[in-house]
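Listed below are the residues making up each chain.
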Amino acid sequence: MADDRKLTPQGEDFATWYNEVVQRAELADYSPVRGSMVIRPWGYGIWENMQRALDAMFKETGHENAYFPLLIPMSFIEKEKEHVEGFAPELAVVTQAGGKELEEPYVIRPTSETIIYSMYAKWVQSYRDLPVLLNQWANVVRWEMRTRLFLRTAEFLWQEGHTAHATAEEAEEETLLILGIYRKFMEEWIGMPPLTGLKSESEKFAGAVRSYCCEALMKDNKALQAGTSHFLGQNFSRQFDLKFQSEEGQEEYAWNTSWGVSTRLVGGMVMTHGDDQGVVVPPRLAPVQAVIVPILKGDDAAVLEKTDQVAARLKDLGVRVKVDARDNLNPGAKYYEWERKGVPFRVEIGPKDIEKGQLALARRLAPEGEKRKAFLPEDEAIGTLPERLEAFQSELLEAAVARREANTVRGVTSVDELSEALDSGAGFVYTGWNGEEAVEEAVKERTKATIRCLPGEEFRSPEAPTRCVSGSGDSVAEVVWARAY
RNA sequence: CGGGGCGUAGCGCAGCCCGGUUAGCGCGCCUGCUUUGGGAGCAGGAGGUCCCCGGUUCAAAUCCGGGCGCCCCGACCA
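What counts, and at which threshold
Residues numbered from 1 in each chain as written. Chains lettered and ligands numbered in written order. Predicted model: local features only at pLDDT ≥ 70, side-chain atom pairs only at ≥ 80, totals over all residues. Heavy atoms only, no water. Helix = DSSP H or I, 4+ residues; strand = E, 2+ residues; numbered from the N terminus. Buried < 20%, exposed > 50% of the residue type's maximum accessible area, 1.4 Å probe, protein only. Contact = heavy atoms within 4.5 Å. Areas by Shrake-Rupley, 256 points an atom, 1.4 Å probe, with all protein chains shown as cover. Lys, Arg positive; Asp, Glu negative; His and termini not counted. Charge placed at Lys NZ, Arg CZ, Asp CG, Glu CD. Salt bridge = Lys/Arg side-chain N within 4 Å of Asp/Glu carboxyl O. Patch = residues over 30% accessible without salt bridge, like charges linked within 9 Å, V, L, I, M, F, W, Y side chains within 5 Å. 1 Å grid on protein atoms, 1.4 Å probe; cavity = no way out; pocket = protein on both sides within 12 Å on 5 of 7 lines; lining within 4 Å. Points joined across faces, edges and corners; volume = space filled by probe spheres on them. Nonpolar A, V, L, I, M, F, W, Y, C, P; charged D, E, K, R; others polar. Domains from an automatic or database assignment. Pairing = 2+ DSSP bridges. Axes fitted to C-alpha atoms, helices over the stretch in contact; angles between N-to-C directions.

## What about the overall build of chain A?
When helices and strands are tallied, chain A shows 14 helices and 23 strands. Taken along its principal axes, the extent of the C-alpha atoms in chain A is 80 × 60 × 45 Å. Per-residue burial for chain A yields a buried fraction of 54% across its 485 residues. Partitioning the contacts of chain A with sequence separation of at least 6, the portion at a separation of at least 24 is 70%. On chain A, roughly 21,800 Å² of surface is accessible, and the fraction owed to carbon and sulfur atoms is 49%. Charge centroids of chain A, computed over 57 positive and 78 negative side chains, lie 5 Å from each other.

If you want it as structure tokens, here you go:
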């Protein structure tokens, strides 16, 4: 159980650090299935807390959960041209069942637009049936060439929202509503502040008219696409005959949106806050917010009794606590283990503390120059823990925002300058763009960076760029470049 | 799919080039005792299809052929 090796430092090899920390913090492990991982209880607990928070936000805004089949008829996927082109290379297909060849193969869903809109077509006749606002929590399979724990796995867990509306304006509004929810969730729960904006034509979802996205900057200065919200127009409704009769009696195709975030967010959390000691889990997501370690030296019964008392009092205050009373590990070994897993606070209780009516309270991270561990009067330590957890939560967000800003370069006007900025460690680089795909390709070829998004208004530079970074043509939009996961 | 690396006890590795006893080491695990405020100590013990299939040989972890999987770089990819 004890694991006394140090992690590969982030600065030495970030990718190796990531693989080690995910496994050794017991977030996930490799499985016998190629490219598929097992999400272990610690990682799954974090995902469950993400789910709970997001689910509540979806429901507050009028969405309901439903569930659609895992298997989708091949012909459904093939109906929308760009959709099938986008997903064909990574489909897993079922051709046999019940010992017989199937008449029509089934695809294991890579995403569910097709089967969901085919059902909406049955349920919607009138504008009075709109909007339809459904979400499903599900697993999907995409046969990726190269997989990485949480970031890109062949099978992953996600939520996918699918809505149908009577007007384009309403659908667009929905797309942006969800983008806002994603952003709020990432900031307030993960402490991972994303840039939000629009995808370029080449990066948008296969089958969408427009894709909005959340792009977060990881500690190695690579961008992670953390969530997307798509305006699908009538692309799918036309293929699946999703029509309704309008108030004026006209037959019209519905307007759709789809949006999703996945277990990739757990990887984003790791790469946003983790350090050389391990993962750091934001308090709101932590399955255990405070671990209590009893220091046993002879007077065990008294210490264990006090430990249980403190645990009960913290639980009453709404703190998720765990008592680690294992007797085969030294306290130090437990500290390292819980720090690697990223528990925000640790409480130590020993005979000396009982004598003095105090507790030792240690933070997973402390602000510059502050000690991580403090001895506090028992009542104070317990009573202030909820607010300390909230403070910890906001400090994580503040640190992540500061890191993003420190690694952002604006006003870049040439590809040379862009390339130089990226090579000297910049994360997000802002430039002008003439809207041509050829520029994206040329820059990608040279720098490995892609347009992560056309940033939303509040992220744009005070002065809009006038010329394209390529040097040819006026800028039609400011864009953000980064090397991405 | 191209290039590179790797696969030997739960984990990390040595042994392989140059075939030859019961296949080793560290950590972990089990039992006991002593410990416990930053990765405990001693003693005893358990644990192996040497990734898989085939070939060469009196004899294969080791040599040869094929396959599978993992990691890194690239290509590909919401």
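## Quick word on the pattern of salt bridges
Taken as a whole and judged by the stated rule, the model has 31 salt bridges. Here Lys341 ties to Glu26 by a salt bridge, and the two come within 3.4 Å at their closest N and O atoms. Residue Lys341 is found in helix H10 (residues 331-341), and its partner Glu26 is found in the loop between helix H1 (14-24) and strand S1 (28-30); the two are separated by 315 residues along the sequence. By relative accessible area, Lys341 is classed as buried at 10%. Note that Arg326 and Asp324 form a salt bridge whose closest N and O atoms lie 2.8 Å from each other. Accessibility expressed as a relative area gives 24% for Arg326, which makes it partly exposed. Each of Glu339, Arg346, Glu348, Arg372 and Lys373 takes part in a single network of salt bridges with overlapping partners.

## Some details on a nonpolar patch on the surface
Taken together, the side chains of Tyr67, Leu70, Leu71 and Tyr106 define a hydrophobic patch exposed on the protein surface, amounting to about 360 Å² of accessible area. Topologically, Leu71 is positioned in strand S4 (residues 71-73).

## Description of the layout of surface pockets
Considering only enclosed or pocket space, the largest pocket measures out at about 1,300 Å³ in volume. Looking at the largest pocket, it is lined by 44 residues, and the ones nearest its centre are Arg142, Arg152, Glu203, Gln225 and Arg264. Where the lining of the largest pocket is concerned, the elements lending two or more residues are helix H4 (81-87), strand S8 (155-165), strand S11 (223-233), strand S14 (255-262) and strand S22 (450-455). Looking at the lining of the largest pocket residue by residue, the classes come out as 12 nonpolar, 15 polar and 17 charged. Two domains each donate at least three residues to the lining of the largest pocket, and these are domain 1 (14-273) and domain 3 (407-482).

## What to know about the sheet that holds strand S10 (residues 210-217)
Here 11 strands make up an open sheet; going across it, the order is S3-S7-S8-S14-S11-S10-S9-S22-S23-S21-S20 and the pairing mixed. Looking at strand neighbours, the two that pair on one side only are strand S3 (64-65) and strand S20 (408-412), the edges of this open sheet. When S8 meets S14, the two strands line up antiparallel, connected through eight bridges. Looking at S14, one finds that Trp158 is bridged to Ser262. Here helix H8 (residues 264-273) sits on the sheet in contact with S11 and S14, set at roughly 145° to S11.

## Some thoughts on empty space enclosed by the protein
Applying the stated rule across the entire model yields two cavities of 30 Å³ or more. For the largest cavity, the calculated volume is near 60 Å³. For the largest cavity, the full set of lining residues is Val291, Tyr335, Trp338, Glu339, Val343, Pro344, Phe345, Arg346, Ala362, Arg363 and Arg364. Going through the elements one at a time, H10, strand S17 (345-349) and strand S18 (358-363) are the ones with two or more residues in the lining of the largest cavity. Among the elements that line the lining of the largest cavity, the one with the most residues is H10, at three residues. Here the residues of the lining of the largest cavity are counted per class, giving seven nonpolar, no polar and four charged. Lining the second largest cavity, in full, are Met192, Pro193, Ala216, Leu217, Thr272, Ala400, Arg403 and Arg404. For the lining of the second largest cavity, the secondary-structure elements that each account for two or more residues are S10 and helix H12 (378-406). The element best represented in the lining of the second largest cavity is H12, accounting for three residues. Of the residues assigned to the lining of the second largest cavity, the class counts are five nonpolar, one polar and two charged.

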